[in-house]
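Topology and contacts: notes
As a plain string of letters, each chain reads:
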Amino acid sequence: MAAVGARLFPTVLFSRRSVEKLNSNQISTVTPRLAVSADQILTFPAESHGVVEKEKDKKVLEEKEKRWISGWNEYLEQSKELIGADGGPPRWFSPLECASQLDNSPLLLFLPGIDGVGLGLISHHQKLGRIFDIWCFHIPVADRTSFTDIVKIVERTVKSEYQRSPNRPIYLVGESLGACVALAVAALNPNIDLVLILANPATSFSRSNLQLLTPLLEALPDPLSPGLPNILRSMAGESLRRVLDNVVQGLPLQNTTGELVKDLTTFSLSLPVLADILPKETLEWKLHMLKSASAYAQSRLYAIKAQTLILCSGNDQLLPSQQEGERLLNLLPKSKCALRKFDDSGHFLFLEGSVDLVTIIKGTSYYRRGKYHDYASDFIPPTPDEARKIIESNSLFNLVASAVMLSTLEDGTIVKGLAGIPSEGPVLFVGYHMLLGLEKIPLVSRIFLERNILIRGIAHPMMFMRSKTGKMPEISSYDNFRIMGAVPVAPANFFKLFSSKAHMLLYPGGMREALHRKGEEYKLFWPEQSEFVRMAARFGAKIVPFGAVGEDDLGQVVFDYDDLVKIPYFRTEIESLTSEVTQLRGDAAGEVANQPVHMPLILPKVPGRFYYYFGKPLETKGRKQELRDKEKSHEFYLQVKSEVERCIDYLKVKRENDPYRSIGARLLYQVTHGFESEVPTFEI
């Protein structure tokens, strides 16, 4: 692997001098945001991005295990450079390959767990470095700085950076012990704009199995300690996960002392350098520190105002992390706190190949460079791996839908495929919202895969707000939409997306159309007045009207809103849910303003097929003054609506001639011609 340089520097010596980067035995000067005040130069291999794959069979599970072990091995190998004899104080270091590629990138301070090394994000450095300036905190093995003094060190850095850039947030990413440090600093500095990302916070220490280790270490014979690094070295091939999971079993101490001592010894020795990172005396010190850190942070939770993201593992053998995550979620400010669960992950979350911190930050909309998250300027497009993962998660639905897509060229010719989609933005796709909005999945996937165009969906605000009562779908279920660029509907977001020449997707019928009643298939519920024409004309955007049909080939509404409100229980639930979400178009007239939140009862059918027809793009360029007139704007609006209805009618007629409309005919075709083959459809 290619190597790049990094330096350690004491926390007491900050300046804005240039940082030297070691490369091919030559020194070149770069100017990121770090200072240098130590001579030791470390090397960090470039990151190898893992690909998250679905766990379909044993082979994939084994591959996931390999990635987990690979992350640990990388961490342990690089830790050797940091844990040598060093009597220095805690300090910051930065991997120099992480020089940010974005303007005005925020500072990210990583606060390590009980190990103190500071390399817990080693698998994420390269990707994080594209959007953050990263500093990692290192606590030398022999250091005995107290928890409160560590908090002061971090706080001093935070205050210094805040004074330098008061309009930019500072991210504190802490795992276990480091999460307690982050909480403490946030509590002491409520007026500084901090974003906390807490992985398995050790605020649950008093309820954890780690408490068992303190009396065990005190009882551990001293002769064992000096020999720990040299015993059982041959166990390197054993599964690290199996060893870690056996460290603490939570069994009665008096019955299991011998076994736990054995497990502790095995734990320390089967990992090549862990015994050097946490020798007996250091581990004892860190466990006492955890106890005081937990109590300190717990007592100050009331003072925290920072935006906080809690990441908790369901298979954490050291701390009751998921229970603690739920508890913190209820104690911290509700409007600023979010929780994400990783049911199959262990305590060392960031070293697992299936966890990507940047993707998590994107999905939660926690990346910002100013006081508030800007859905246009702060948006980071999905990487090919991220997009592929999301598209693959919908592969079964895309297979069942087997979408047929037609588009219209500039001369009016209808063609199969997406050749008629404009490549250059701004472009606004305006169409019909199928039942439950299912048409979005094939639409966004196909346009991205075939044309490499990312569609920014204009979505209901409920997809961006945490549920107050817990009755709404978990906000985490919408993370993939946010990664793919969805934004809440708002005039300011329209303006910003048009300004950035984006491709946007708008459904004027909104929730009323997506949750329509029985017998309302393919009926448009649009506002009476134009909502988007003048904004589009201001930026000379192309408007692409489109129709989509096929919902009636997948299911049939048998119990709709009108049926549900007749039952007192369901009526009360609907009123409760509707009052919880942001109400749109409250001042609109007509049925479009009637948008109660409910879930109709849908009877599944033998799957048919989805059909899309993108009409000829309508130009607004050069018509800015003309379309400022309300009457002209309304005429154009009605033209768009008429085109959408025409596209729907066209598809409803043409699909009757599709010999492969039923899933049975399509499967038979693919069995004969190969499952990668494109299934034909009707003639245009």
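Starting afresh in each chain, residues are numbered from 1 along the sequence in its written order. Reporting of local features is limited, given that this is a predicted model, to residues whose pLDDT is at least 70; pairs of side-chain atoms are given and counted only at 80 or more, and all residues count toward the totals for whole chains, interfaces and linings. Computation of side-chain values: all heavy atoms of the structure, hydrogens and water removed.

As annotated in an unreviewed UniProt entry, the protein chain is Alpha/Beta hydrolase fold from Vigna unguiculata. For the record of the protein chain, the UniProt heading Sequence similarities (unreviewed entry) holds the text "Belongs to the diacylglycerol acyltransferase family." UniProt positions are given in the numbering used here, feature names are shortened, and annotations may be inferred rather than shown by experiment.

1. Structural notes on the overall build of the protein chain
Of regular secondary structure, the protein chain possesses 24 helices and 22 strands. Burial classes: relative accessible area under 20% of the type maximum marks a residue as buried, over 50% as exposed, and values in between as partly exposed (1.4 Å probe, protein chains only). In the protein chain, which comprises 684 residues, the share counted as buried stands at 56%. A separation threshold of at least 6 residues defines the contact pool for the protein chain, and within that pool the share at least 24 residues apart is 81%. Helix and strand assignments follow DSSP, with helices taken as H or I runs no shorter than four residues and strands as E runs no shorter than two, numbered in order from the N terminus. For this analysis, residues touch if any pair of their heavy atoms sits within 4.5 Å.

2. Some details on helix H3 (residues 147-164)
Across its 18 residues, H3 extends 26 Å between first and last C-alpha, which sits within 8% of the 26 Å expected from 1.5 Å per residue. Within the span of H3, buried status applies to Phe 147, Ile 150, Val 151, Ile 153, Val 154, Glu 155, Thr 157, Val 158 and Glu 161. Here, expected helix span is obtained from the residue count minus one, scaled by 1.5 Å.

3. Regarding the packing of aromatic side chains
Only Phe, Tyr and Trp rings are paired, with Trp represented by its six-membered ring, and only when their centres lie within 6.5 Å; those with planes under 30 degrees apart are stacked, over 60 edge-to-face, the remainder tilted. Under the defined criterion, the tally for this structure stands at 22 aromatic pairs. Seen from their ring centres, Phe 429 and Phe 614 are 5.9 Å apart, and the 80 degrees between their planes marks the pair as edge-to-face. With a gap of 185 residues between them, Phe 429 in strand S14 (residues 427-431) and Phe 614 in strand S21 (residues 611-614) connect regions that are remote in the sequence. By relative accessible area, Phe 429 is classed as buried at 0%. In this structure Phe 614 comes out as buried when scored by relative accessible area, which is 1%. Taken together through their ring pairs, the aromatic side chains of Phe 429, Tyr 507, Phe 546 and Phe 614 make up a single cluster. Here, over-ring charges are defined by two tests on the NZ atom of lysine or the CZ atom of arginine: distance to the ring centre within 6 Å, and angle to the ring normal within 35 degrees. In this arrangement the basic side chain of Arg 456 is found over the ring face of Phe 379, its NZ or CZ atom lying 3.8 Å from the centre. For the cation-ring pair, Arg 512 lies above Phe 525, with the distance from its terminal atom to the ring centre recorded as 4.1 Å.

4. Thoughts on the pattern of salt bridges
Salt bridge, as used here: a side-chain nitrogen of Lys or Arg that lies within 4 Å of a carboxyl oxygen of Asp or Glu. Counting across every chain of the model gives 26 salt bridges. The partner of Glu 161 in a salt bridge is Arg 164, and the shortest N-O contact between them spans 3.6 Å. Separated by three residues within a single helix, Glu 161 and Arg 164 lie in helix H3, roughly one turn from each other. The class of Glu 161 is buried, set by a relative accessible area of 4%.

5. Description of the pairing of strand S7 (residues 133-138)
Within S7, six of the six residues are buried, which leaves it mostly tucked inside the rest of the structure. Burial of the side chains of S7 extends over both faces: Asp 133, Trp 135 and Phe 137 are buried on one face and Ile 134, Cys 136 and His 138 on the other. Only strands that DSSP links by at least two bridges are regarded as paired with each other. Two strands pair when backbone bridges link them, and strand S6 (residues 107-111) and S7 are joined in this way by four bridges, in the parallel orientation. Following the sheet pairing, Leu 108 is matched in S7 by Ile 134.

6. A few points about helix H13 (residues 384-393)
Among the residues of H13, those classed as buried are Glu 386, Ala 387, Ile 390 and Ile 391. Viewed end-on, H13 has its buried residues packed into an arc of 125 degrees, placing them on one side of the element. Structurally, H13 contributes buried residues whose contacts are with helix H2 (125-128), helix H12 (357-363), helix H14 (395-401), helix H15 (440-451) and helix H16 (479-483). To obtain the arc, one takes the directions from the helix axis to the C-beta atoms.

7. Things to note about the environment of Thr 620
By the element assignment, Thr 620 lies in the loop between strand S22 (618-619) and helix H22 (624-628). Taking the C-alpha atoms as reference points, Thr 620 and Ala 537, separated by 83 residues in sequence, lie 4.9 Å from one another. Those residues in contact with Thr 620 that lie beyond four places of it in its chain are Ala 536, Ala 537, Gly 540, Ala 541, Ile 543, Leu 627 and Phe 636. Pairs of N or O atoms are called polar contacts if they sit within 3.5 Å, as long as, within protein, a hydrogen donor faces a hydrogen acceptor (for residues adjacent in sequence, only side-chain-to-side-chain pairs). Polar side-chain contacts of Thr 620 include one of 2.5 Å to the backbone oxygen of Ala 541.

8. A word on the side chain of Ser 204
Tracing the chain through its elements places Ser 204 in the loop between strand S9 (194-199) and helix H5 (213-219). Beyond its immediate chain neighbours, meaning those up to four positions away, Ser 204 contacts Ser 294, Leu 319, Pro 320 and Glu 324.

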